[in-house]
Amino acid sequence: MEFLKKHPFLILYIVLVIGAAVFHVGFGWIALGTLVYLLLVALGRLPNTCARLGYLCQGMLGKKDLAFKLYDYAYKHGSTAAAPKVAYGMQLMQQCRYEEAKNALEDVLVTPDIQPTLLKIVRQDVAIAYWNCGELDKAITTLEKMVEEYDILSPEFFTTLGFFYIEAERYEEATKATEEALKQDESNGGAYDNLALIQYKQGNLAEAKELFLKALEMKETMASSKFYLGMIYEAEGDIEEAKAYFTAAHNARITGMNTVTREEVDAKYQEYLDK
């Protein structure tokens, strides 16, 4: 009975195909019936259809803006498709719409029969949403539970946890988590950025500078490393170098997923425009 409730169109289609075979209906009619069946499924589950179309547009066609419109319609009309909802939540986060992102990702957490791999990804993503919403303790707790429950976690996971510890001024734990990331991936730019930020927060500017430069060597697009190098050169009185790094940070792509904001980067850039 449960199968019948979930797949009424499929049952109807199978009955029609069997009937067509019994009464020797031509192939053209069967093909037409197939198209009608697919159309009924799409219309009957329109929110999920839009969600999956959005996933296709983003993943295979690179049409991110179109995908977002489809995700938005699907989510607001009750879509239950988990993976597209995660993509929607992450796009909301990139747009700095943090509360909406958190709500969408929390919805995914309670999706029935969610794939374990996807659940693992979502738990990390929702922790980032908590941090962006000012719920740092909740973000840390979410990731610490994952450390207890999973044997294998990515370098990016430990880099994120390390950054949250930095935000909480728990520098020893931040160092330990970040070193775990580097143990798995020696070229992890985000991990070097973490180690640099730990030194910067504790006033060790020479050590911080060296590590921020190492971070950029590993990943040259990091806006946070560029911004903090600007701050260090400013503290050293080197106006030209400070201006160069603030300009580089300004020109970098910054979304709601970065550890520095567009507002703080652009404020320093504007300050140095006429220098």
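Residues numbered from 1 in each chain as written. Predicted model: local features only at pLDDT ≥ 70, side-chain atom pairs only at ≥ 80, totals over all residues. Heavy atoms only, no water.

(A) Inspection of the overall build of the protein chain at higher detail. Each helix and strand in the protein chain was counted, giving 16 helices and 0 strands. Considering the protein chain as a whole, with its 275 residues, one finds that 40% of them fall into the buried category. If you take every contact in the protein chain between residues at least 6 apart in sequence, the share linking residues at least 24 apart comes to 51%. Carbon and sulfur atoms make up 58% of the accessible area of the protein chain, which amounts to about 15400 Å² in all. (Helix = DSSP H or I, 4+ residues; strand = E, 2+ residues; numbered from the N terminus. Buried < 20%, exposed > 50% of the residue type's maximum accessible area, 1.4 Å probe, protein only. Contact = heavy atoms within 4.5 Å. Areas by Shrake-Rupley, 256 points an atom, 1.4 Å probe, with all protein chains shown as cover.)

(B) Layout of the pattern of salt bridges. This model, assessed by the stated rule, comprises 14 salt bridges. With its nearest N and O atoms 3.0 Å apart, the salt bridge here joins K76 to D72. Of the two residues, K76 and D72 are both situated in helix α5 (residues 64–76); the distance of 4 residues between them amounts to about one turn of the helix. By relative accessible area, which is 56% here, K76 ends up exposed. A residue is classified by how much of its surface remains accessible, and D72, at 17% relative accessible area, is buried. Across the pair K183 and E180 runs a salt bridge whose closest N-O atoms are separated by 3.5 Å. (Salt bridge = Lys/Arg side-chain N within 4 Å of Asp/Glu carboxyl O.)

(C) Seen up close, helix α11 (residues 171–184). Taking 1.5 Å of rise per residue, the 14 residues of α11 would be expected to cover 20 Å, and the 20 Å separating its terminal C-alpha atoms lies within 8% of that figure. Among the structural elements, α10 (155–167) and α12 (189–201) are those in contact with the buried residues of α11. (Expected span 1.5 Å × (residues − 1).)

(D) Fine view of the side chain of T160. Position of T160 relative to the elements: it lies in helix α10. Residue classification places T160 among the buried positions, given a relative accessible area of 15%. Within the structure, T160 has its side chain in polar contact with the backbone oxygen of E156 (distance 2.9 Å). Here T160 is in contact with Q124, I128 and L143, once residues within four sequence places are set aside. (Polar contact = N/O pair within 3.5 Å; in protein donor to acceptor, adjacent residues only side chain to side chain.)

(E) Representation of the packing of α12 against helix α13 (residues 205–218) within the structure. Interhelical geometry of α12 versus α13 gives an angle of 165 degrees and a closest axis separation of 8 Å. In terms of orientation, α12 and α13 fall into the roughly antiparallel class. Pair α12 / α13 crosses with left-handed handedness. Here G189, Y192, D193, L195, A196, L197, Q199 and Y200 of α12 lie close against α13, whose contacting residues are L205, E207, A208, L211, F212, K214, A215 and M218. (Axes fitted to C-alpha atoms, helices over the stretch in contact; angles between N-to-C directions. Parallel < 35°, antiparallel > 145°, perpendicular 65-115°, else oblique. Left-handed = near helix turned anticlockwise from the far one by under 90°.)

(F) View of the nonpolar core. Counting 74 residues, the largest nonpolar core has M93, F164 and F212 as its most contacted members. Broken down by element, this core gets its largest block of residues, 8 residues, from helix α8 (residues 116–132). Not counting chain neighbours up to four residues away, the residues in contact with M93 comprise Y98, A101, L105, D125, I128, A129, N132, G256 and M257. (Core = buried A, V, L, I, M, F, W, Y, C linked by side-chain atoms within 4.5 Å.)

(G) Spatial organisation of the confidence of the model for the protein chain. Mean pLDDT over the protein chain: 86, with 83% of residues reaching 70 or higher. Low pLDDT, under 50, characterises residues 40–44; the predicted model gives this stretch 5 contacts beyond four residues in sequence or across chains. (pLDDT = per-residue confidence, 0-100.)

(H) A look at the packing of aromatic side chains. Under the definition given, this model contains 12 aromatic pairs. Each member of the aromatic cluster is reached from another via a ring pair, and the members are Y200, F212, F227, Y228, F246 and Y272. (Phe/Tyr/Trp six-rings, centres within 6.5 Å; stacked < 30°, edge-to-face > 60°.)

(I) The packing of helix α14 (residues 223–236) against helix α15 (residues 239–251), seen in detail. Axis separation between α14 and α15 bottoms out at 8 Å; the angle between their running directions is 160 degrees. By the angle between their axes, α14 is roughly antiparallel relative to α15. Along this stretch, α14 crosses α15, giving a crossing that reads as left-handed. When α14 is examined against α15, the residues A223, K226, F227, L229, G230, M231, Y233 and E234 are found in contact with a partner set consisting of E241, A242, Y245, F246, A248 and A249. Tallied by class, the residues present in the contact of α14 with α15 amount to 10 nonpolar, 1 polar and 3 charged. (Nonpolar A, V, L, I, M, F, W, Y, C, P; charged D, E, K, R; others polar.)

(J) Summary view of a nonpolar patch on the surface. A surface patch of nonpolar side chains, amounting to about 430 Å² of accessible area, comprises L53, L56, M60 and L61. Within the fold, L56 resides in helix α4 (residues 46–59). (Patch = residues over 30% accessible without salt bridge, like charges linked within 9 Å, V, L, I, M, F, W, Y side chains within 5 Å.)

(K) Looking closely at the side chain of Q124. Along the chain, the position of Q124 falls in helix α8. The class for Q124 is buried, based on a relative accessible area of 15%. Non-local contacts of Q124, meaning those with residues more than four positions away in its chain, are made with L143, M146, S154, E156, F157 and T160.

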